[in-house]
Amino acid sequence: ETGVTQSPTHLIKTRGQQVTLRCSSQSGHNTVSWYQQALGQGPQFIFQYYREEENGRGNFPPRFSGLQFPNYSSELNVNALELDDSALYLCASSPDNRDTLFFGPGTRLTVL
Amino acid sequence: AQTVTQSQPEMSVQEAETVTLSCTYDTSESDYYLFWYKQPPSRQMILVIRQEAYKQQNATENRFSVNFQKAAKSFSLKISDSQLGDAAMYFCACSGTYKYIFGTGTRLKVLA
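Bear in mind the structure is a predicted one, so any value in this text is a computation, not a measurement.

**Student:** What am I meant to see in the environment of B:A72 here?
**Tutor:** Residues and elements named next belong to chain B. With respect to the helices and strands, the residue A72 is situated in the loop between β8 (64-69) and β9 (74-79). Look at A72 and you get exposed, because its relative accessible area is 54%. In this structure, the C-alpha to C-alpha distance between A72 and V4, residues 68 residues apart in sequence, is 13 Å.

**Student:** How should the sheet that holds strand β1 (residues 5-7) of chain A be read in this particular structure?
**Tutor:** All names here are of chain A. Read across the open sheet, the four strands follow the order β1-β3-β8-β7; overall the sheet is antiparallel. Edge positions in the sheet fall to β1 and β7 (64-68), since each has one partner strand and no second. Ignoring which end each strand starts from, the neighbouring axes of this sheet average 20° apart. Here strand β3 (residues 19-24) runs beside strand β8 (residues 74-78); their pairing, made up of five bridges, is antiparallel. Each bridged residue has a counterpart across the sheet, and for L21 the counterpart in β8 is L76.

**Student:** Explanation requested: the packing of aromatic side chains in the structure shown.
**Tutor:** The geometry of two aromatic rings is summed up by the distance between their centres and the angle between their planes. Within the structure shown, the criterion is met by 17 aromatic pairs over all chains. Ring geometry for A:F47 versus A:Y49: centroids 5.4 Å apart, planes at 85°, classification edge-to-face. Judged by its relative accessible area of 0%, A:F47 is buried. Taking relative accessible area as the criterion, A:Y49 reaches 6% and is therefore assigned buried. What links up through ring pairs into an aromatic cluster is the set A:Y35, A:F45, A:F103, B:Y33, B:F35, B:Y37, B:Y98, B:Y100 and B:F102.

**Student:** Looking at this model, I keep getting lost on the interface of chain A and chain B. Mind explaining?
**Tutor:** Interfaces are frequently sized by the accessible area removed from exposure as the parts join. Each partner contributes residues to the interface: chain A has 25 residues there, and chain B has 20 residues. Summed over both partners, the interface of chain A with chain B comes to about 1,800 Å²; 49% of that surface belongs to carbon and sulfur atoms. Here chain A and chain B share zero salt bridges between them. Between chain A and chain B we count seven residue pairs in polar contact (both at pLDDT 80 or more) in total. Contributing elements (two or more residues each) for the side of chain A that touches chain B: β4 (31-37), β5 (44-50), β6 (53-57) and β9 (87-94) of chain A. At three residues, β6(A) tops the list of elements feeding residues into the side of chain A that touches chain B.

Parameters and conventions
Residues numbered from 1 in each chain as written. Chains lettered and ligands numbered in written order. Predicted model: local features only at pLDDT ≥ 70, side-chain atom pairs only at ≥ 80, totals over all residues. Heavy atoms only, no water. Helix = DSSP H or I, 4+ residues; strand = E, 2+ residues; numbered from the N terminus. Buried < 20%, exposed > 50% of the residue type's maximum accessible area, 1.4 Å probe, protein only. Pairing = 2+ DSSP bridges. Axes fitted to C-alpha atoms, helices over the stretch in contact; angles between N-to-C directions. Phe/Tyr/Trp six-rings, centres within 6.5 Å; stacked < 30°, edge-to-face > 60°. Contact = heavy atoms within 4.5 Å. Buried area = accessible area lost by both parts, 1.4 Å probe. Salt bridge = Lys/Arg side-chain N within 4 Å of Asp/Glu carboxyl O. Polar contact = N/O pair within 3.5 Å; in protein donor to acceptor, adjacent residues only side chain to side chain.

Take a look at the structure:
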């Protein structure tokens with residue numbers, strides 16, 4: 001059974017650019033959630049996708065958007081990058097939208 | 001609104017000894033789960049233990065056990081026979097309708 005995978009591992013962008021982060025969910029999981037973890041903080045919920053629909057959203061601006069594909073993999077897109085967007089972005093999948101989250105290794109985004 | 005509070009930024013334990021990490025939470029949900037996740041320096045979040053709020057019996061997983069006090073909204077993690085590999089950040093989390101709320105974490109150091 002393959003766990004949650006994320007790409008890329010690290011990414012460096014400049015202010016104003018756009019970025020796309022990718023996540024493959026664990027086999028059999030139909031729900032993907034994205035979290036932002038700033039240095040020294042706990043993860044903050046961005047949004048959740050359940051069967052290709054956004055199922056809930058945290059307190060993040062519209063320039064954070066996402067997609068879930070028929071195979072339940074997912075993308076996180078961030079437009080107009082700001083310095084404060086520098087963080088570890090964690091993807092997590094679960095068998096259902098209220099079940100235990102299984103996390104990927106994360107993507108470290110640095111915005112200069 | 002949900003909140004999760006971890007009041008111990010850092011804890012130390014001697015190898016083979018027992019340590020307890022504290023967590024308090026607040027939620028308006030009637031049906032929720034509580035979790036402890038471990039995040040080693042390699043950064044992948046790993047599920048340590050899960051507690052279903054409707055169950056009175058405390059969850060255990062090998063050397064890890066919880067003390068769940070629902071009325072007090074307290075959910076502490078006890079690690080017995082601590083090992084060097086237990087050194088990590090530990091996050092307490094409470095599930096909601098579609099998202100988890102995480103605490104700020106406790107860094108556990110294990111002394112040889």
